[in-house]
Amino acid sequence: MEGNKASWSIADTVDYKGFPADKSKTGGWIPAALILGIEICERLTTMGIAVNLVTYLGGTMHLSSATSANIVTDFMGTSFLLCLLGGFLADSYLGRYKTIAIFAVVQGLGTSMLALSTKLPQLRPPPCNENISPEKCEKANGIQMGVLYLSLYLVALGTGGLKACVSGFGTDQFDEKDKKEKTQMDYFFQRFFFFVSLGTLLAVTVLVYIQDHVGRSWAYGICSVSIFTAICIFLSGTKKYRYKKSFGSPAVQIFQVIAASIKKRKLEFPSSIELAYEDSSEDRRIQHTDQFRFLDKASIVATEDEKYKHLPPNPWQLCSVTKVEEVKMMIRLLPIWATTILFWTTYAQMMTFSVEQAATMHRSIGNFQIPAGSLTVFFVGAILITIAVYDQLVMPLWKKWKGTQGFTDMQRIAIGLMLSTLGMAFAAISEVKRLSVAKHAGDHIAANSTLPVSVFILIPQFIFVGSGEAFIYTGQLDFFITRAPKGMKSMSTGLFLTTLSLGFFVSSLLVSIIKAVTGGNGGDGWLADNINDARLDYFYGLLAVLSFINFGLFIWSAIWYKRNAPSKNSSVEMESIKTISYGEEK
């Protein structure tokens, strides 16, 4: 009877009472679906705010074009940077379940405050007089901007905690050692991003329409209600979830390995790995690798370590081979991490300057006027179509041909980077056309009037960058979750999401630099406040060139990673290695 129970339990996983999780009663697609529900609402909120915020900042708060774009990118960048905080808290103290519940409430409170700030007239400047230029309108004062910033960054804090844990907690519901559940987990990555994109689609269509035609406070109020509803649904699955055991703070472990290796830097590493210190159980051991040998010194048993012969050693002085290898695994991720940042810089343009472009162009279909922010529906549509085709067509065909579940994680990242490069090239070409129409119109068209050019010439840039996101997001998610040590998966997910954060910050930095360099001596520069006087085509062209160079660096990084990293399932038995563990020899 005990043997039968053991066969139905999963290593390192417990139920809500803390007992070993029973496969037949916990995990699987139903609990995973409850987790996906909260992700839809998170995307609905974050993207519903970000995609149309630039028009609110310019049209209602009377801020300049570049300032508005930087506020949006800084908001999004902070949202994803805070994923590191969410991942740290989940891995070290709270666990993924509690982290999701707490930060979802924080995001709901932030959205409620945002709805209030857009409703009260005293929290925004008076409307601009139609007889004066937008540049001379009264701008929002410090208190008005302060309330707006507080609302936005409460939402950003909530997003950080959620994004770091939702995907990891979803994969916790599947057993990687079970062939059937491993296949389900492969599909989970695709469907997770499908639901992310579904939330984005609702944001850029329904929510943006409500913002423009009903009221922003109504739209943000809907977000608040949806978040608190999703929290209730999430909590309803408490008894059905599988919970991973915490392995302690991964950040502390990294610092311990570094500190111990520095302290023992002058010691000679023993001739055989058999003499290194190891205390991890058989199922958690990681095969020793020769890369970053200076870190191996943290596992050298020195004379002063003899006092720990019958006690657990001081981890700041002596670390096991497995702990050292876990730190090495995280270091190996960094080149791939660095070369994916620029993609999110190009992505940022879809929510800022591309929306501003759309606002100047003809957007009518019959009597219906498409909101400028809703043009990103083509972006989201490209994501959904790409995911559906890949999920239903490419993956089954690839399974028959190659015997694997579709492209590898790094192949998907490479495809995404190349598609974004093409997207920026098409963006430059589209802007050349738009500017030629603006120049030809000249004084014959009012400053705030619509140019006689169809907004649909912007579609290629949305499609290429959108399809690129479908590949790169799922590829990064797969890469950073499956190639990280067991106890560092939330932190690794947070590391992945910082690429989004840094991509937005790089966008803000690039905008500031280009505005300073090209706008000197009283000139308008590439990024003038009036978009018709700017040279966005040059800006997009620069991004295309930088993206192409970055693609080459990624290919080099992928080759380096493949050459140096152990296999994807690097937690292997080390029966042939007799490493030292005080108290007994293993």
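Residues numbered from 1 in each chain as written. Predicted model: local features only at pLDDT ≥ 70, side-chain atom pairs only at ≥ 80, totals over all residues. Heavy atoms only, no water.

(A) Molecular detail of a nonpolar patch on the surface. On the surface, Val252, Phe255, Ile258, Ile262 and Trp316 cluster together into a nonpolar patch covering about 460 Å² of accessible area. You can see Ile262 is positioned in helix α8 (residues 250–263). (Patch = residues over 30% accessible without salt bridge, like charges linked within 9 Å, V, L, I, M, F, W, Y side chains within 5 Å. Areas by Shrake-Rupley, 256 points an atom, 1.4 Å probe, with all protein chains shown as cover. Salt bridge = Lys/Arg side-chain N within 4 Å of Asp/Glu carboxyl O. Helix = DSSP H or I, 4+ residues; strand = E, 2+ residues; numbered from the N terminus.)

(B) Structural context of the packing of helix α2 (residues 29–59) against helix α5 (residues 142–171). Across the interface, α2 lies against α5 with an axial gap of 10 Å and an inter-helix angle of 145°. For the pair α2 and α5, the sense of crossing is left-handed. Here Ile35, Ile38, Glu39, Glu42, Arg43, Thr45, Thr46, Ile49, Leu53, Tyr56 and Leu57 of α2 come into contact with α5, specifically with Leu148, Leu152, Val155, Thr159, Leu162, Lys163, Val166, Phe169 and Gly170. Partitioning the contact of α2 with α5 into residue classes produces 12 nonpolar, four polar and four charged. (Axes fitted to C-alpha atoms, helices over the stretch in contact; angles between N-to-C directions. Left-handed = near helix turned anticlockwise from the far one by under 90°. Contact = heavy atoms within 4.5 Å. Nonpolar A, V, L, I, M, F, W, Y, C, P; charged D, E, K, R; others polar.)

(C) Just α8, in detail. Between its terminal C-alpha atoms α8 stretches 20 Å, which fits the 20 Å expected from 14 residues at 1.5 Å a residue. Of all the positions in α8, only Pro250, Ala251, Gln253, Ile254, Gln256, Val257, Ala260 and Ser261 are classed as buried. (Expected span 1.5 Å × (residues − 1). Buried < 20%, exposed > 50% of the residue type's maximum accessible area, 1.4 Å probe, protein only.)

(D) Unusual backbone geometry, seen in detail. Unusually for a residue other than glycine, His62 sits at a positive phi of about 60°. By the secondary structure assignment, His62 is in the loop between α2 and α3 (65–81). His62 sits in the buried class, given a relative accessible area of 6%. Although it is not a glycine, Phe292 sits at a positive phi angle of roughly 55°. Tracing the chain through its elements places Phe292 in the loop between α8 and α9 (293–296).

(E) Quick look at the environment of Leu57. Structurally, Leu57 can be placed in helix α2. With 12 residues separating them along the chain, Leu57 and Ala69 place their C-alpha atoms 8.9 Å apart. The contacts of Leu57, once residues within four sequence positions are left out, are His62, Leu63, Ser68, Ile71, Val72 and Leu148.

(F) Highlighting the nonpolar core. Among the nonpolar cores identified, the biggest contains 139 residues, and Phe234, Tyr473 and Phe539 are the most heavily contacted of them. Counting residues in each nonpolar core, the second largest holds seven residues, with Tyr187, Tyr390, Phe407 and Phe471 among its members. (Core = buried A, V, L, I, M, F, W, Y, C linked by side-chain atoms within 4.5 Å.)

(G) Broad picture of the packing of helix α13 (residues 377–402) against helix α15 (residues 459–482). The N-to-C vectors of α13 and α15 enclose an angle of 45°; their axes lie 7 Å apart at closest approach. As judged from the angle between their axes, α13 and α15 are oblique. As for the relative orientation of α13 and α15, their crossing is right-handed in sense. Between α13 and α15, the residues in contact are Phe378, Phe379, Ala382, Ile383, Thr386, Ile387 and Tyr390 and Ile459, Phe462, Ile463, Val465, Gly466, Ser467, Glu469, Ala470 and Phe471, respectively. Among the residues making up the contact of α13 with α15, the classes are represented as 12 nonpolar, three polar and one charged. (Parallel < 35°, antiparallel > 145°, perpendicular 65-115°, else oblique.)

(H) Seen up close, the pattern of salt bridges. Tallying each qualifying case throughout the model produces 12 salt bridges. Among the ionic pairs, Lys163 bridges to Glu39, the shortest N-O distance being 2.8 Å. With Lys163 in helix α5 and Glu39 in helix α2, this residue pair connects regions lying 124 residues apart in the sequence. Taking the relative accessible area as the measure of exposure, Glu39 reaches 0% and is therefore buried. For Asp296, the salt bridge identified is with Arg293, shortest N-O distance 3.1 Å. Here the residue Asp296 and the residue Arg293 both occupy positions in helix α9, the gap between them amounting to three residues, near one helical turn. Its relative accessible area of 38% is what places Arg293 among the partly exposed residues.

(I) Focus on the packing of aromatic side chains. Across all of its chains, the model carries 29 aromatic pairs by this definition. For the ring pair Tyr241 and Tyr243, a centre distance of 6.4 Å and an interplane angle of 85° mean the geometry is edge-to-face. Ring pairing ties together the aromatic residues Phe80, Phe343, Trp344, Tyr347, Phe379, Tyr473, Phe479, Phe480, Phe496, Phe504 and Tyr561, which thus form one cluster. The cationic tip of Arg535 hangs over the ring face of Tyr538; the distance from NZ or CZ to the ring centre is 4.2 Å. (Phe/Tyr/Trp six-rings, centres within 6.5 Å; stacked < 30°, edge-to-face > 60°. Lys NZ or Arg CZ within 6 Å of the ring centre and 35° of its normal.)

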